[in-house]
Amino acid sequence: MWRLRRAAVACEVCQSLVKHSSGIKGSLPLQKLHLVSRSIYHSHYPTLKLQRPQLRTSFQQFSSLTNLPLRKLKFSPIKYGYQPRRNFWPARLATRLLKLRYLILGSAVGGGYTAKKTFDQWKDMIPDLSEYKWIVPDIVWEIDEYIDFGHKLVSEVIGASDLLLLLGSPGETAFRATDHGSESDKHFRKGLLGELILLQQQIQEHEEEARRAAGQYSTSYAQQKRKVSDKEKIDQLQEELLHTQLKYQRILERLEKENKELRKLVLQKDDKGIHHRKLKKSLIDMYSEVLDVLSDYDASYNTQDHLPRVVVVGDQSAGKTSVLEMIAQARIFPRGSGEMMTRSPVKVTLSEGPHHVALFKDSSREFDLTKEEDLAALRHEIELRMRKNVKEGCTVSPETISLNVKGPGLQRMVLVDLPGVINTVTSGMAPDTKETIFSISKAYMQNPNAIILCIQDGSVDAERSIVTDLVSQMDPHGRRTIFVLTKVDLAEKNVASPSRIQQIIEGKLFPMKALGYFAVVTGKGNSSESIEAIREYEEEFFQNSKLLKTSMLKAHQVTTRNLSLAVSDCFWKMVRESVEQQADSFKATRFNLETEWKNNYPRLRELDRNELFEKAKNEILDEVISLSQVTPKHWEEILQQSLWERVSTHVIENIYLPAAQTMNSGTFNTTVDIKLKQWTDKQLPNKAVEVAWETLQEEFSRFMTEPKGKEHDDIFDKLKEAVKEESIKRHKWNDFAEDSLRVIQHNALEDRSISDKQQWDAAIYFMEEALQARLKDTENAIENMVGPDWKKRWLYWKNRTQEQCVHNETKNELEKMLKCNEEHPAYLASDEITTVRKNLESRGVEVDPSLIKDTWHQVYRRHFLKTALNHCNLCRRGFYYYQRHFVDSELECNDVVLFWRIQRMLAITANTLRQQLTNTEVRRLEKNVKEVLEDFAEDGEKKIKLLTGKRVQLAEDLKKVREIQEKLDAFIEALHQEK
């Protein structure tokens, strides 16, 4: 009985609640009723159907605090139904007296149940952070037993996201960052918990105010219905909800900022080694490395590279760079007003870290993005790299600049900033600039997994847009395109009809489709504005903008913050969907390349270009070392021979022949000494050094190019030749070598004392060889002058030319004159020239005096050399007379002494040069070779140019594909672990 009575009382409580909601249609939620009322079937008026009309509002309630939408306000008016009267007035009286008590009791029980249910829902949505317990000190987990509820609330705030409106259903969990740190500061955690509790109380107070307002509105609904139109009521409710959402948004941003500082503190402590653990490589860094390797392997960006990237395209000066800077939270790109600044693609990898820094892929320098000096240096470096990539005669370049940006709170993704699309080529640009930009943009956008971030300038007419047509061609269905309208503040001022902006954001104006539409503001156009100032201006603008107040724009479609969250989630969603398929395609490519190598080069190792270069480097260094092992005898022989070949002409023509024309030995020796002194002071040391350097080059070239038998690999020939030429070019002989050599040569030529008969015979042999070589050269010169003799004319059917016939007649006439006077001097007198000319004219041969002199020079030279050779044979027995200084002797062999002096000087010079070569110059050349090899090792283009061929390219492809596959596998494994 008491249960039935309690049920009856609960029913009366429910009915009383209905009665006091006069003018409101509908039914209260079940959780607001008494517990007993919810568990017992209401038998009163089963036919009574309480309905409530839906509020007609175009504003979608939104909260960025949790994934749960705000509770919809229930203002449904309820009409009175028929209430039969009870005649049992004592019960009625008791019910009225106890109504307030049961109302309070029912509300307390229902409120407790609702709080418990809400807590359970929040608890189920908390992400699993067990993998990151090592980040937080152990003391925090001990405190966690006492403040577990607050800890989970904090985790819920960290994992909150408001992008589900764009990317999926409210129940779909979006991708979240994995590097969340835990709080190690107890006081700070309690403060954050207090903020959350205060936030919950404010929400409840607002709901109570909304209920009271709804009650007042329901009471006076009939009177206000005649005065206030439906449109004004909707506008009023929308404005209230907008202010509420902005209020909660500011609270959330403050909490996120505090959370960012705390995570930064945790990462800094880990950097100092508090936990003595090594942090794993970030997931986005692993993915960026894969893209860098792909960029090196596939410079032409072929279609086989289908890994996702966020490709940022837009018209020139549309605000692409500004949007990227807002996402990266730093002014990192070069700036210009109306001119082209982005001249090559820039790949920006955003990741989370304790410090806001940027660094290039090929450099270890970190730029601190919190300092204006480093920001200016970074912008200057990017501009220099762009200009370096642009080849001569071009305006833009397809080569990519890779930049990593780390900082607390950055969304993890990979973006590629492309040169702005232009419509007209202006002066100073290459004629093909427009087509080159289109080809670069299409190459990146044709990747089916690339996310296209289409930037449109909102301050210009939509009809002037070029990029929208290009994007619609590459992604006609809009499945991977996010449209961004920039400079909305200028658009709102300049556009006569604000509905035009609404049409753009709704995708009704441009002939393109998109996954999502966003409106952002990137500052007031001042290049010196900071990111914080731009963000504050953007929030202030949208807070006061009519576009939001009139529901032309939705709250989740504005601000660069929401844009970055959306792009990050889209990026990782695309990565998850496509990365395994790409890994399979590279596995197939690797199998094909390995099969091709086995079929073509079954006995060779798979050495890539770097490994081949190292092998060639070792061979070259071994050959340089072999150069130092050449015997001294070999060095001296080749040096002496080479030096004589260089100076023999000067010795014969300028020293020996003029001295031999003298009449006595005293004049001969004086002439020889003067000419030798002049030669030693001016020419001889320099000639000797040149000969030594050329000899070193020849020996070095011989070792470099000499085949090594079966082990010789001709793939190194171009590299060895380039190393040889560059090393020789860099090598410079010691400047002090000539001075020391001059003294040695002068002392050697001053000596005239031949000590023994063996040296005398060696000098005669040296003289005979020199004179015979000159006589042979002279015979050849005369033969070329007079033509073939009678034997060759008969045997080989050759004839003399007219000029050769004249020379032959002149030669015969001059030989007759020499037979008459064998002691004739070296020069013809004028009367002798006249006599020869008249004798030839008498035979009908017209000659010129200059022809007679030229012919006489060769004829007399031959005569003199033959005479000198005969005299050389006579001097073989003249060593006895030489020892007596040719006293009382008709045989004078001063010419033999001259050649002995020359021969001794050559031997001493060769010995000196050999010592300098082996002790100094070979080592310096070896050092130059090592420097050249080191320079070539750092120059990738040089290695590509010098190490070529199908075998090299196939090994390079194999290495790159294996590296890509390994990195992809490691990334996929880390991605699965993160799930």
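Per an unreviewed UniProt entry, the protein chain is named Dynamin-like GTPase OPA1, mitochondrial, and its organism is Pongo abelii. If you open the UniProt record of the protein chain and go to Catalytic activity (unreviewed entry), you find "GTP + H2O = GDP + phosphate + H(+)". Heading Subunit (unreviewed entry) of the UniProt record for the protein chain holds this comment: "Oligomeric complex consisting of membrane-bound and soluble forms of OPA1. Interacts with RCC1L; RCC1L acts as a guanine nucleotide exchange factor (GEF) for OPA1 by exchanging bound GDP for free GTP. Interacts with CHCHD3 and IMMT; these interactions occur preferentially with soluble OPA1 forms. Interacts with PRELID1."

(A) Molecular detail of the overall build of the protein chain. From N to C terminus, the protein chain includes 34 helices and nine strands. Within the protein chain, the proportion of its 979 residues that are buried is 45%. For the protein chain, contacts bridging at least 24 residues in sequence account for 81% of all contacts bridging at least 6. As displayed, the protein chain has an accessible area near 53400 Å², and 51% of this comes from carbon and sulfur atoms.

(B) Structural detail: the pattern of salt bridges. Summed over the entire model, instances satisfying the criterion amount to 39 salt bridges. Across the salt bridge formed by Asp673 and Arg752, the nearest N and O atoms sit 2.1 Å from each other. In this pair, Asp673 sits in helix 22 (residues 665-682) while Arg752 sits in the loop between helix 25 (737-750) and helix 26 (757-786), placing the two residues 79 residues apart along the sequence. The class for Arg752 is partly exposed, based on a relative accessible area of 34%. For Arg876, the salt bridge is made with Glu768, and the minimal N-O distance between the two is 2.3 Å. You can see Arg876 sitting in the loop between helix 30 (849-874) and helix 31 (879-883) and its partner Glu768 sitting in helix 26, a full 108 residues away along the chain.

(C) Local environment of the nonpolar core. Ranked by internal contacts, the top residues of the largest apolar core, which has 101 residues, are Trp644, Tyr656, Trp679, Leu696, Trp760 and Ile902. It is helix 32 (residues 894-938) that contributes the most residues to this core, 17 residues altogether. Not counting chain neighbours up to four residues away, the residues in contact with Ile902 comprise Trp644, Val651, Leu676, Trp679, Leu749 and Phe766. In terms of nonpolar packing, the next biggest core, distinct from the first, is built from 67 residues, Val290, Leu294, Val312 and Ala358 among them.

(D) Looking closely at the state of the cysteines. For the structure shown, the criterion picks out one disulfide. Distance from the sulfur of Cys872, which forms no disulfide, to the nearest cysteine sulfur (Cys875) is 6.6 Å. On the basis of relative accessibility, which here comes to 0%, the residue Cys872 falls in the buried class.

(E) Structural context of the sheet that holds strand 5 (residues 401-407). The nine strands are arranged 4-3-5-2-6-1-7-8-9 in an open sheet whose pairing can be described as mixed. This sheet does not close on itself; its edge strands, each paired only once, are strand 4 (367-368) and strand 9 (516-519). Sheet topology places strand 3 (residues 357-360) next to strand 5; four bridges connect them, and they run antiparallel. Of the residues in strand 5, the one forming a bridge with Leu359 is Asn404. Lying over the sheet, helix 12 (residues 372-389) contacts strand 2 (346-352), strand 3, strand 4 and strand 5, oriented at roughly 160° with respect to strand 5. Taken strand by strand, helix 14 (residues 467-474) contacts strand 1 (310-314), strand 7 (451-457) and strand 8 (481-486), and its axis lies near 160° from that of strand 7.

(F) Expanded view of the pairing of strand 6 (residues 413-417). Within strand 6, five of the five residues are buried, leaving the element largely enclosed by the surrounding structure. Where burial is concerned, the two faces of strand 6 agree: the one with Met413, Leu415 and Asp417 and the one with Val414 and Val416 are both buried. By the bridge criterion, three bridges tie strand 1 to strand 6 in an arrangement that is parallel. Among the inter-strand pairings, Val312 is bridged to a residue of strand 6, identified as Asp417. The sheet contact formed by strand 2 and strand 6 spans five bridges and is antiparallel. Considered in strand 6, the bridge of Leu350 is made with Met413.

(G) Layout of the packing of aromatic side chains. Within the structure shown, the criterion is met by 15 aromatic pairs. Seen from their ring centres, Tyr656 and Phe899 are 5.4 Å apart, and the 70° between their planes marks the pair as edge-to-face. Separated by 243 residues along the polypeptide, Tyr656 in helix 21 (residues 632-660) and Phe899 in helix 32 bring together distant segments of the chain. One exposure class covers both Tyr656 and Phe899, and it is buried. Ring-pair connections join several aromatic residues into one group, and the members of that group are Trp644, Tyr656, Phe766, Phe864 and Phe899. The ring of Phe360 carries the charged tip of Arg385 above its face, separated from the ring centre by 4.0 Å. In this structure, Arg702 is placed above the aromatic ring of Phe703, and the distance from its NZ or CZ to the ring centre is 4.7 Å.

(H) Layout of a negative patch on the surface. On the surface, Glu399, Glu931, Glu934, Glu938, Asp939 and Glu941 cluster together into a negatively charged patch. In terms of residue count, helix 32 provides more of the negative patch than any other element does, three residues in total. Tracing the sequence through the fold places Asp939 in the loop between helix 32 and helix 33 (940-946). Residue Asp939 is classed as partly exposed on the basis of its relative accessible area of 30%.

(I) Main features of helix 29 (residues 830-842). With 13 residues, helix 29 should cover 18 Å at 1.5 Å per step; its first-to-last C-alpha distance of 19 Å lies within 8% of that length. Residues Ile833, Val836 and Leu840 constitute the buried set of helix 29. For helix 29, the arc enclosing every buried residue in end-on projection is 65°, short of the 170-degree limit, so these residues lie on one face. Away from its buried face by more than 90 degrees, helix 29 exposes Ser830, Asp831, Lys838 and Ser842. Looking at the buried positions of helix 29, the neighbouring elements they touch are helix 28 (802-820) and helix 30. Gly844 sits one or two positions beyond helix 29 and adopts a positive phi of about 85°.

(J) View of a nonpolar patch on the surface. A contiguous nonpolar patch, built from Trp790, Trp794, Leu795 and Tyr796 and spanning about 620 Å² of accessible area, is present on the exposed surface. As for its placement among the helices and strands, Trp790 is situated in helix 27 (residues 790-795). Judged by relative accessible area, Trp790 falls into the exposed class, the value being 54%.

(K) Inspection of the environment of Thr695 at higher detail. Residue placement: Thr695 occurs in helix 23 (residues 684-705). In sequence terms Thr695 and Leu643 are 52 residues apart; their C-alpha atoms lie 9.6 Å from each other. Discounting residues that sit within four places of it in the chain, Thr695 has contacts with Trp635, Ile638, Leu639 and Ser642.

(L) Examining the environment of Arg365 more closely. Mapped onto the elements of the fold, Arg365 is located in the loop between strand 3 and strand 4. On the basis of relative accessible area, Arg365 is assigned to the partly exposed category, the value being 45%. Aside from chain neighbours lying at most four places away, what touches Arg365 is Ala358, Leu359 and Ala377.

(M) Local environment of the packing of helix 23 against helix 24 (residues 717-730). Interhelical geometry of helix 23 versus helix 24 gives an angle of 165° and a closest axis separation of 10 Å. On the basis of the axis angle, helix 23 is roughly antiparallel to helix 24. Crossing angle aside, the handedness with which helix 23 passes helix 24 is right-handed. Of helix 24, the residues touching helix 23 (which contributes Trp693, Gln697, Phe700, Ser701, Met704 and Thr705) are Lys720, Glu721, Lys724 and Ile728. The residue inventory of the contact of helix 23 with helix 24, partitioned by class, reads four nonpolar, three polar and three charged.

Definitions and limits used
- Residues numbered from 1 in each chain as written.
- Predicted model: local features only at pLDDT ≥ 70, side-chain atom pairs only at ≥ 80, totals over all residues.
- Heavy atoms only, no water.
- UniProt positions renumbered as here; feature names shortened; annotations may be inferred.
- Helix = DSSP H or I, 4+ residues; strand = E, 2+ residues; numbered from the N terminus.
- Buried < 20%, exposed > 50% of the residue type's maximum accessible area, 1.4 Å probe, protein only.
- Contact = heavy atoms within 4.5 Å.
- Areas by Shrake-Rupley, 256 points an atom, 1.4 Å probe, with all protein chains shown as cover.
- Salt bridge = Lys/Arg side-chain N within 4 Å of Asp/Glu carboxyl O.
- Core = buried A, V, L, I, M, F, W, Y, C linked by side-chain atoms within 4.5 Å.
- Disulfide = S-S within 2.5 Å.
- Pairing = 2+ DSSP bridges.
- Axes fitted to C-alpha atoms, helices over the stretch in contact; angles between N-to-C directions.
- Phe/Tyr/Trp six-rings, centres within 6.5 Å; stacked < 30°, edge-to-face > 60°.
- Lys NZ or Arg CZ within 6 Å of the ring centre and 35° of its normal.
- Patch = residues over 30% accessible without salt bridge, like charges linked within 9 Å, V, L, I, M, F, W, Y side chains within 5 Å.
- Lys, Arg positive; Asp, Glu negative; His and termini not counted.
- Charge placed at Lys NZ, Arg CZ, Asp CG, Glu CD.
- Expected span 1.5 Å × (residues − 1).
- Arc of directions from axis to C-beta.
- Parallel < 35°, antiparallel > 145°, perpendicular 65-115°, else oblique.
- Left-handed = near helix turned anticlockwise from the far one by under 90°.
- Nonpolar A, V, L, I, M, F, W, Y, C, P; charged D, E, K, R; others polar.

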